[in-house]
Amino acid sequence: MIIKFTLNGRSRKVDVEPATPVTDLLRETLNLTGTHVGCDTSQCGACTVLFNGDAVKSCTLLAPSLDGAALTTIEGLSGSSGSNRLHPMQEAFHENHGLQCGFCTPGMVMTAVALVTRNPAPTEAEVRHGLEGNLCRCTGYQNIVASVMAGAVAMNEPAIGE
Ligand code: FES
Ligand code: FES
């Protein structure tokens, strides 16, 4: 079946099998390998993407669900302001050492962006609660939380400066 959707700000039309997981579509058909696959069963959050602005686990989302929707992957965050710069949340993870092996990081960043978009000034407890669906096998949670807190401030900086 043919589906049409917006991927990282661009219109896409793709022929998919109805049972294709979005992770397979992204990684194998569209060569967007920044979305990682850990558990493949909606447990770890490594595959998190933004689906109409909400953080969702794409390993258990079927490709036909994308028809008419807007999808953002980790590849769509950098340069989203029209520049070549990393997204403020990505910069915050870099500056606050919010990753070790990096496997969970794309999913963590996508969840964090959705969280801060919904709640621009989250408390540390709200950040920890918001990250509950994302597991880090390197157990670097302290720095991940610090990164999200810093990223929240950075994401709000243009609005504060206006
Ligand atoms: Fe999707 Fe783990 S790969 S939640
Ligand atoms: Fe290694 Fe999170 S940084 S899994």
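Residues numbered from 1 in each chain as written. Chains lettered and ligands numbered in written order. Predicted model: local features only at pLDDT ≥ 70, side-chain atom pairs only at ≥ 80, totals over all residues. Heavy atoms only, no water.

- Going by what an unreviewed UniProt entry lists, the protein chain is known as Carbon monoxide dehydrogenase and is assigned to Bradyrhizobium retamae.

## A word on the sheet that holds strand β2 (residues 10-15)
Moving on, step 1. Spatially, the 5 strands line up as an open sheet ordered β2-β1-β5-β3-β4, and their pairing is mixed. The sheet terminates laterally at β2 and β4 (54-57), the two strands that pair on one side only. Neighbouring strand axes in the sheet, compared pairwise and without regard to direction, differ in orientation by 40° on average.
Moving on, step 2. Two elements, strand β1 (residues 2-7) and β2, share 6 bridges in a ladder whose sense is antiparallel. Note on β2: the bridge partner recorded for Ile 3 is Val 14.
Moving on, step 3. Of the strands in this sheet, β1, β2, β3 (48-51) and β5 (70-72) are in contact with helix α1 (residues 22-29), which crosses β1 at around 80°.
Moving on, step 4. The strands that helix α3 (residues 105-118) touches are β3, β4 and β5; relative to β3, the one it contacts most, it runs at about 35°. (Pairing = 2+ DSSP bridges. Helix = DSSP H or I, 4+ residues; strand = E, 2+ residues; numbered from the N terminus. Axes fitted to C-alpha atoms, helices over the stretch in contact; angles between N-to-C directions. Contact = heavy atoms within 4.5 Å.)

## Quick look at the pairing of β3
Moving on, step 1. Alternating positions in β3 separate into two faces, Thr 48 and Leu 50 on one and Val 49 and Phe 51 on the other, with burial throughout.
Moving on, step 2. The sheet contact formed by β3 and β4 spans 4 bridges and is antiparallel. Among the inter-strand pairings, Phe 51 is bridged to a residue of β4, identified as Asp 54.
Moving on, step 3. Hairpin connection, β3 to β4: the antiparallel pair is bridged by 2 residues, and Asn 52 has positive phi, about 50°.
Moving on, step 4. Pairing of β3 with β5 involves 2 bridges; the strand directions are antiparallel. Within β5, the position partnered with Phe 51 by the bridge is Leu 71. (Buried < 20%, exposed > 50% of the residue type's maximum accessible area, 1.4 Å probe, protein only.)

## Quick look at the packing of helix α2 (residues 88-95) against α3
Moving on, step 1. Direction vectors running N to C along α2 and α3 enclose 125°, while the axes themselves pass 10 Å from each other. Relative to α3, α2 is oriented oblique. By crossing handedness, the relation of α2 to α3 is classed as right-handed. Contact with α2, carried on its side by Met 89, Gln 90 and Phe 93, involves Thr 105, Met 108, Val 109, Ala 112, Val 113 and Val 116 of α3 and no other residues of that element.
Moving on, step 2. Here the contact of α2 with α3 is composed, by residue class, of 7 nonpolar, 2 polar and no charged. (Parallel < 35°, antiparallel > 145°, perpendicular 65-115°, else oblique. Left-handed = near helix turned anticlockwise from the far one by under 90°. Nonpolar A, V, L, I, M, F, W, Y, C, P; charged D, E, K, R; others polar.)

## Let's talk about α3
Moving on, step 1. Across its 14 residues, α3 extends 20 Å between first and last C-alpha, which sits within 8% of the 20 Å expected from 1.5 Å per residue.
Moving on, step 2. The buried fraction of α3 amounts to 12 of the 14 residues, a majority that puts the element mostly inside the structure.
Moving on, step 3. Within the span of α3, buried status applies to Thr 105, Pro 106, Gly 107, Met 108, Val 109, Met 110, Thr 111, Ala 112, Val 113, Ala 114, Leu 115 and Val 116. (Expected span 1.5 Å × (residues − 1).)

## So, the packing of aromatic side chains
Moving on, step 1. All told, the structure shown has 0 aromatic pairs when counted by the stated rule.
Moving on, step 2. Cation over ring: Arg 137 sits above Phe 103, and NZ or CZ is 4.7 Å from the ring centre. (Phe/Tyr/Trp six-rings, centres within 6.5 Å; stacked < 30°, edge-to-face > 60°. Lys NZ or Arg CZ within 6 Å of the ring centre and 35° of its normal.)

## Details of the side chain of Ser 147
Moving on, step 1. Within the fold, Ser 147 resides in helix α5 (residues 141-161).
Moving on, step 2. Using a relative accessible area of 0% as the deciding quantity, one classes Ser 147 as buried.
Moving on, step 3. Looking at Ser 147, its side chain comes within polar contact range of the main-chain oxygen of Asn 143, at 2.7 Å. (Polar contact = N/O pair within 3.5 Å; in protein donor to acceptor, adjacent residues only side chain to side chain.)

## Focus on the pattern of salt bridges
Moving on, step 1. Summed over all chains, the structure comprises 2 salt bridges.
Moving on, step 2. For Glu 91, the salt bridge is made with Arg 85, and the minimal N-O distance between the two is 3.0 Å.
Moving on, step 3. Look at Glu 91 and you get partly exposed, because its relative accessible area is 22%.
Moving on, step 4. Between Glu 124 and Arg 128 there is a salt bridge; the shortest N-O distance is 3.1 Å. On the criterion of helical spacing, the pair formed by Glu 124 and Arg 128 is a turn pair, its members being 4 residues apart in helix α4 (residues 124-130). (Salt bridge = Lys/Arg side-chain N within 4 Å of Asp/Glu carboxyl O.)

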